[in-house]
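Each chain, written out:
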Amino acid sequence: MYVLASNPSAERELGMTTEVFKGKGLQDFVLEEHKEEFVKKLRKAKRSYYLFEFDANWKTADNTSKILNFAACKLKLKNEQEVLQIIARDVTELREAQA
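Notes on the structure in this doc start here. Just so you know, the residues in each chain are numbered from 1, in the order the chain's sequence is written. Under the rules for a predicted model, residues below a pLDDT of 70 receive no local features and side-chain atom pairs below 80 are neither given nor counted, while totals for whole chains, interfaces and linings still include all residues. Note: side-chain values were computed over all heavy atoms of the structure, leaving out hydrogens and water.

Thoughts on the side chain of T60
No. 1: Within the element layout of this structure, T60 appears in the loop between strand 1 (52-59) and strand 2 (65-76).
No. 2: In terms of polar contacts, T60 uses its side chain to reach the side chain of D62, at 2.5 Å.
No. 3: Setting aside its immediate chain neighbours within four residues, T60 contacts E13, L14, M16 and K66. Secondary structure elements are taken from DSSP: a helix is a run of H or I of four residues or more, a strand is a run of E of two residues or more, and numbering for both begins at the N terminus. Here a polar contact means two N or O atoms within 3.5 Å. Within protein one must be a hydrogen donor candidate and the other an acceptor candidate, and residues neighboring in sequence count only if both atoms are side-chain atoms. Any pair of residues with heavy atoms lying within 4.5 Å of one another is described as a contacting pair.

This is how it looks when you write it as structure tokens:
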């Protein structure tokens, strides 16, 4: 799965421009020790027509990490192509407070 587009909010939060994201796999931005689990979750999201949520440790442009909550939903386009729309939000402070 490759990034088709990102928005200004993602760029601000993660310190990366659309050009950095575009054409790369989301797993390229996940911390190395979490990549395998992240890919499994993406595959599960891709098989479902229902909203699928999960957390992942994401690396930012300055090599710090954030915990992002991903909400993913498969969409079928007019040309019958299927894409995965993903919305992510930073839940680092929330998860740290819950720990």
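That was the structure; now back to the text.
Some remarks on the pattern of salt bridges
No. 1: What counts as a salt bridge is simple: a side-chain nitrogen of Lys or Arg found within 4 Å of a carboxyl oxygen of Asp or Glu. Scanning the entire structure with this criterion turns up seven salt bridges.
No. 2: Note that D90 and K66 form a salt bridge whose closest N and O atoms lie 3.6 Å from each other. Of this pair, D90 sits in strand 3 (residues 82-90) while K66 is found in strand 2, placing the two residues 24 residues apart along the sequence.
No. 3: As a salt-bridge pair, E80 and K76 come within 3.7 Å of each other at their nearest N and O atoms.
No. 4: Partly exposed residues are those whose accessible area sits between 20% and 50% of the maximum for their type, while under 20% is buried and over 50% is exposed, using a 1.4 Å probe and protein chains only. With a relative accessible area of 53%, E80 lands in the exposed category.
No. 5: Three or more residues are tied together by salt bridges with common partners; here these are K74, K76, E80 and E82.

Considerations on the packing of aromatic side chains
No. 1: Ring geometry is summarised as follows: Phe, Tyr and Trp rings, the Trp one being its six-membered ring, pair when their centres sit within 6.5 Å, and such pairs are stacked at plane angles under 30 degrees, edge-to-face over 60 and tilted between the two. Within the structure shown, the criterion is met by eight aromatic pairs.
No. 2: The interplanar angle of 20° and the centroid separation of 5.4 Å between the aromatic rings of F54 and F70 together place this pair among those described as stacked. A residue pair is termed long-range when its members are at least 10 positions apart, and F54 in strand 1 and F70 in strand 2 qualify at 16 residues. F70 carries the same exposure label as F54, and that label is buried.
No. 3: Among the aromatic side chains, those forming a connected cluster through ring pairs are F21, F29, F38, F52, F54, W58 and F70.
No. 4: To sit over a ring, a charge needs its Lys NZ or Arg CZ within 6 Å of the ring centre and within 35 degrees of the ring normal. When the ring centre of Y49 is taken as origin, the NZ or CZ atom of K74, which lies over that ring, is 4.1 Å away.

Digging into the pairing of strand 2
No. 1: At least two DSSP bridges between two strands are needed for those strands to be called paired. Pairing analysis gives eight bridges linking strand 1 to strand 2, with the strands arranged antiparallel. Residue pairing across strands places K59 opposite S65, the latter belonging to strand 2.
No. 2: A loop of five residues connects strand 1 with strand 2, the two strands running antiparallel in sequence, and N63 in this loop sits at a positive phi of about 65°.
No. 3: The pairing of strand 2 with strand 3 spans nine bridges and is classified as antiparallel. Counterpart to L68 in the pairing with strand 3 is D90.
No. 4: In textbook terms, the turn of a hairpin is the stretch between consecutive antiparallel strands, and for strand 2 and strand 3 this stretch comprises five residues, one of which, E80, has a positive phi near 75°.

Let's talk about the sheet that holds strand 2
No. 1: Spatially, 1-2-3 is the arrangement adopted by the three strands of the open sheet, whose pairing is antiparallel. If you trace the sheet from one side to the other, it starts and ends with strand 1 and strand 3, each paired once. Looking at each pair of strands side by side, their axes are set apart by 35° on average, direction ignored. Every axis corresponds to a line fitted to the C-alpha atoms, with the helix fit spanning only the stretch in contact, and the corresponding angles, defined between N-to-C directions, vary from 0 to 180 degrees.

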